[in-house]
Amino acid sequence: MTAAIIDGKQVAEEIREGVAKAVEKMVAEGGPRPGLATVLVGDNPASHTYVRMKRKACAEAGIESIHHELPADATQEKVEGLVRELNKDPKVHGILVQLPLPAGLDEEAVLRAIDIEKDVDGFHPINIGRLAQKGRDPLFVPCTPAGCIKLLKKAGAKLEGAKAVVLGRSNIVGMPAALLLVKENATVTICHSRTKNLAETCREADVLIAAIGRAEMVRGDWVKPGAYVIDVGINRVDDDTKKRGYRLVGDVAFEEAKEVAAAITPVPGGVGPMTIAMLLDATQRAAQRAMP
Ligand code: GUN
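Residues numbered from 1 in each chain as written. Predicted model: local features only at pLDDT ≥ 70, side-chain atom pairs only at ≥ 80, totals over all residues. Heavy atoms only, no water.

Trainee: Residue-level account of the site of the ligand, with values.
Mentor: Neighbouring residues of the ligand: Lys 54, Leu 96, Val 97, Gln 98, Leu 99, Asp 121, Phe 123, Ile 172 and Thr 275. For the ligand, a nitrogen atom lies 3.3 Å from a polar atom in the side chain of Gln 98. Interatomic distance of 2.5 Å between a side-chain N/O atom of Asp 121 and a nitrogen atom of the ligand. Here the ligand has 280 Å² of accessible area as a free molecule, and 87% of this is covered by the chains. (Near = heavy atom within 4 Å. Polar contact = N/O pair within 3.5 Å; in protein donor to acceptor, adjacent residues only side chain to side chain. Areas by Shrake-Rupley, 256 points an atom, 1.4 Å probe, with all protein chains shown as cover.)

The structure is reproduced here in structure tokens:
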């Protein structure tokens, strides 16, 4: 079997166009122009790149981008104070504090300071808590895991009753992805660095989400024939044939896995573009919710 390649770039583009249309409709009807505040603390180069991409995407969707940068040695009070100011600002409908925060800052306290109505990243403990509980609905859910579920549905995966395996238990991807799969009535196993029999466990998965940050760790013979494979990993591997000296690969050995799976996301061009698309969608919904 050769897998269908799930085109995350295309799906993300469709979502972004939908958001842009919804924004213009809302504004034309007298509503507010949605505003997303980005908070970047310190000088992590990857975080700077991600925030720049998020701001550019906002502009393209007609969403106002309000950007704040704080130095790596900013105090806890300073960061939380900024978040509280943004909570009060009626032009700000969504607040995104880029993670990770520099060492020494209390990440949970910063995320807890965000008004849950503006928590477009879905990382506030109340939103995560609701995601973890039966019969409770968070206002927003984390963007990358939401993108994974969207791609699975687009690819035609049946989640209800499926055996799902999530590789990785991070707060940003693995754990919320597992919780979202439970909400979809899948039976979920979460694997991590201490899991025994990793390959066998993965081989049982009808749906496999790899978010472990290890280049091409999931081999073709870890994949159940006909499985749906979502690769969240973005890893650099040395490659002298490339001008920049490296290439990007996922957590899944793509060439091997695509011979076995029913559908698989590529890296790049799979999950990556979905994070920003889901963020824009959440920001537009946050502005809609704020309307009288
Ligand atoms: N760092 C890596 N991914 C994310 C994300 O989706 N949101 C935030 N705030 N920080 C991140």
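Trainee: Residue-level account of the side chain of Thr 201, with values.
Mentor: Position of Thr 201 relative to the elements: it lies in helix α8 (residues 198-203). The exposure class assigned to Thr 201 is buried, which follows from its relative accessible area of 17%. Among the polar contacts listed, one links the side chain of Thr 201 to the backbone oxygen of Asn 197, at a separation of 2.9 Å. Dropping the residues within four chain positions of it, Thr 201 is found in contact with Val 165, Thr 189, Cys 191 and Lys 196. (Helix = DSSP H or I, 4+ residues; strand = E, 2+ residues; numbered from the N terminus. Buried < 20%, exposed > 50% of the residue type's maximum accessible area, 1.4 Å probe, protein only. Contact = heavy atoms within 4.5 Å.)

Trainee: Hey, could you go over the pairing of strand β8 (residues 228-231) for me, with residue numbers and the actual values?
Mentor: Because side chains alternate across β8, one face comprises the buried residues Tyr 228 and Ile 230, and the other comprises Val 229 and Asp 231, equally buried. The sheet contact formed by strand β7 (residues 207-210) and β8 spans 4 bridges and is parallel. Of the residues in β8, the one forming a bridge with Ala 210 is Asp 231. (Pairing = 2+ DSSP bridges.)

Trainee: Which residues make up the packing of aromatic side chains, and what values go with them?
Mentor: Here the structure, examined in full by the defined rule, presents 0 aromatic pairs. One cation-aromatic arrangement involves Arg 236 over Tyr 246; the distance from NZ or CZ to the ring centre is 4.1 Å. (Phe/Tyr/Trp six-rings, centres within 6.5 Å; stacked < 30°, edge-to-face > 60°. Lys NZ or Arg CZ within 6 Å of the ring centre and 35° of its normal.)

Trainee: Which residues make up helix α7 (residues 174-183), and what values do they have?
Mentor: Most of α7 sits inside the fold, with 7 of its 10 residues counted as buried. All of the buried residues along α7 are Gly 174, Pro 176, Ala 177, Ala 178, Leu 179, Leu 180 and Leu 181. The inward-facing, buried residues of α7 contact α5 (125-131), α6 (143-154), β5 (163-167), β6 (187-191) and β7. Positioned one or two residues after α7, Asn 185 has a phi angle of 70°, which is positive.

Trainee: Any chance you could break down the sheet that holds strand β4 (residues 94-97) for me, citing the residues and the numbers?
Mentor: Overall, parallel pairing links the 3 strands, which are arranged β3-β2-β4 in an open sheet. The open sheet has two edge strands with one neighbour each: β3 (64-70) and β4. On average, each strand axis in the sheet is tilted by 15° relative to the strand beside it, whichever way the strands run. Of the strand pairs in this sheet, strand β2 (residues 35-41) and β4 are connected by 4 bridges, and their pairing is parallel. Residue pairing for β4: Ala 37 is matched across the bridge by Ile 95. Contacts from helix α2 (residues 45-60) reach β2, β3 and β4 within the one sheet, and its direction differs from that of β2 by about 170°. The strands that helix α3 (residues 76-88) touches are β2, β3 and β4; relative to β3, the one it contacts most, it runs at about 165°. (Axes fitted to C-alpha atoms, helices over the stretch in contact; angles between N-to-C directions.)

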